[in-house]
Structure formats: structure tokens, C-alpha cells
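# Descriptive structure summary
If you want the building blocks of each chain, they are given just below.
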Amino acid sequence: MRVASIHTYPVKGCRRTDRDTARVEPWGLDGDRRWLIVDEQGIGLTQRQHRELVTVRAVSRPGGLTLDAPGLAPLDLAEPKGGEETQVRVFRGRPPAPVRAAGPEADDWLRRLLGRAARLVWLGDPTGNRVPWPVPAGSGAELSFADGSPLLLASTASLDAFNGWLLESGGTEGPLPMDRFRPNLVVSGAAPWAEGGWVGRRIRVGGALFHGVAECGRCLVATIDQETGERGREPLWMLAARRKVGQKLLFGLQMTVRAEPGEARTVSVGDTVQVLD
């Protein structure tokens, strides 16, 4: 098994960045979901409310990022290390996280994009943002602005199997691309749905060690075309028919980062993937 592709999402809910290599931090891959767009109450905005977020390309760089979207001039921002301190929530039911506001220039850019008041915030210290469930001993509990785990792994074989089901059903929405599921690490060479058997196990990817926490329950964002913003009914209808466990429609594996001594770890396209125990 090998890493087929790597993706990060500098601003939660916006377009992905395709990577050849990424540094692994306790709270996930470097540059992944450290920025968040929130409403007037400090609650995160997602593609559920604003499908136009699929058009926002955020390019991360050391010390900041650039925002770009059709019809708007690109906006270059520095990390607001001295910005206004506040607290926000990724979702209404989640604990608050301490952040710094990017400032009025970013907020005005978002208002013109979304047609409503919004703020851009930056998570300078992810150690203050915690995974909202118990984690295995030896795993990091720090979290960026991800939904519930530092990283999401997906398998090309599972996507192929899913698209085979769509073809058999005569559905008109397939085949779906992998970007519908917004993974961080995409693995090739595994059997379809093998990642379900990695829950509770250690997984070495390149130079980094992870822990498989749970299969990922999918939400309405997966029904949004990540190029056009158009919404369909797949993959949720087919997952409900074939991959429903309890109340969850499963695709992909949520992972935490296992702490290891020594130098910073990296993952790269082409790296070997090993399930250790």
C-alpha cells in the first residue's frame, strides 16, 4: 500500500491544496485547517450554508496565506499573531477555541464573497483546541479546525467499489471523484473497505505514525460538487443503502497522530503504508 495523494485545506470548508509532501504535527498536517470563517456569533460557516466556498482557493505559506476567488482581487494575509483575541466554535455544540481575528480587510473580502457579515480567524495555538472524545494512550489530542480528528484517510479501492455500486444502480451522478470526501491522505493498494479493519490499530505512513480511531460518518458536504458547488444526492443515498452502521454513513478513516521522539515527521506521495497491529 502506498500514498497516492496528499491534500490540505488551509481554510476550513474551502478548496483543497494538493501536496507532494507534508510535515506531520500533533494536530495534523502542516497548513491544514488553521483558519476558519465564522458568523457574527463566532460559529463556523461551512459549505452547508455557503456553497460558494468551493470557489475559494487559499494558498498557505510560512507566516500567512493568500485568498483568491472569482470576481475578487487576491488578498494576501499575514498570520495575525497580534490580532484581536476571541473564542469561536467550529460547530455550535463544540467547545470554544481561542483564536485571533485576521482583521477588517479579510472580513470585508468575505462579506463581498458571501453577501453577509463574516470573520476570518486563525488558530495560532492548536494545543488549546482538543479532540472532543477520548483518544488512545500515546496519541495527540490536539486538533486544528477539523471536524473531529486531525486527519482523514481514504482508499482508492473503496472509491472504486463505491462507484461500481453507482454504475450497477443506473444512477446518473457517478462516478464521483475522491475530492467529494475531502481526505488528507489517499491510499492505493488496499482492498476495498480494508480501512474499516484499521480502527484501533497503529498505521505507519512514511516517517509518521498514526492511530485509526473510527470510520468517518459523512454529512451533506459530500453531496456538493467541489468544482461547481452544485448539490446532488450522492454519495449519501448509496452509502445509506450499502455502508450504514447505526446512524452513520461511512466512508474513510479518522486518525490521530501518535507521539514519537526525534525529528519532525513527514509524509510524501509514494510513501509505504503499513498497518502494524
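Read on for an overview of the structure. Just so we're clear, the structure is a prediction, and the values are computed from it rather than from any experiment. (Residues numbered from 1 in each chain as written. Predicted model: local features only at pLDDT ≥ 70, side-chain atom pairs only at ≥ 80, totals over all residues. Heavy atoms only, no water.)

### Points about the packing of aromatic side chains
- Applying the stated criterion across every chain, the model contains five aromatic pairs.
- Their ring planes at 15° and their centres at 3.8 Å tell us that Phe181 and Phe251 sit as a pair that is stacked. Of this pair, Phe181 sits in the loop between helix 2 (156–169) and strand 13 (185–188) while Phe251 sits in strand 17 (residues 248–257), placing them 70 residues apart in sequence. The two residues Phe181 and Phe251 agree in class, both being buried.
- Cluster of aromatic residues (ring-pair linked, three or more members): Phe162, Trp165, Phe181, Trp193 and Phe251.
- Above the ring of Trp237, the side-chain terminus of Arg233 is found at 4.0 Å from the ring centroid. (Phe/Tyr/Trp six-rings, centres within 6.5 Å; stacked < 30°, edge-to-face > 60°. Helix = DSSP H or I, 4+ residues; strand = E, 2+ residues; numbered from the N terminus. Buried < 20%, exposed > 50% of the residue type's maximum accessible area, 1.4 Å probe, protein only. Lys NZ or Arg CZ within 6 Å of the ring centre and 35° of its normal.)

### Some points on empty space enclosed by the protein
- Under the definition given, this model contains one cavity of 30 Å³ or more.
- Volume-wise, the largest cavity comes out at about 50 Å³.
- What lines the largest cavity is simply Tyr9, Cys14, Arg15, Arg16, Asp179, Arg182 and Gln226.
- Partitioning the lining of the largest cavity into residue classes produces two nonpolar, one polar and four charged. (1 Å grid on protein atoms, 1.4 Å probe; cavity = no way out; pocket = protein on both sides within 12 Å on 5 of 7 lines; lining within 4 Å. Points joined across faces, edges and corners; volume = space filled by probe spheres on them. Nonpolar A, V, L, I, M, F, W, Y, C, P; charged D, E, K, R; others polar.)

### Concerning the pattern of salt bridges
- In the structure shown here, the tally under the stated rule is 20 salt bridges.
- Across the pair Lys81 and Glu79 runs a salt bridge, and its minimum N-O distance is 4.0 Å.
- With a relative accessible area of 59%, Lys81 lands in the exposed category.
- Accessibility expressed as a relative area gives 23% for Glu79, which makes it partly exposed.
- Salt bridges linked by common partners bring Arg16, Asp18 and Asp179 together as one network. (Salt bridge = Lys/Arg side-chain N within 4 Å of Asp/Glu carboxyl O.)

### Let's talk about the environment of Pro177
- Relative to the assigned elements, Pro177 resides in the loop between helix 2 and strand 13.
- Linking Pro177 and Asp160, residues 17 residues apart in sequence, is a C-alpha distance of 9.6 Å.

### Re the sheet that holds strand 7 (residues 64–69)
- As summarised here, the arrangement of the three strands in space is 6-7-8, forming an open sheet in which the pairing is antiparallel. Bordering the open sheet on either side are strand 6 (57–61) and strand 8 (72–78), each of which pairs with just one other strand. Direction aside, the axes of adjacent strands within the sheet are offset by 15° on average.
- Pairing of strand 7 with strand 8 involves five bridges; the strand directions are antiparallel. Considered in strand 8, the bridge of Thr66 is made with Asp76.
- Contacting strand 7 and strand 8, helix 1 (residues 104–114) crosses the sheet at an angle of about 150° to strand 8. (Pairing = 2+ DSSP bridges. Axes fitted to C-alpha atoms, helices over the stretch in contact; angles between N-to-C directions. Contact = heavy atoms within 4.5 Å.)

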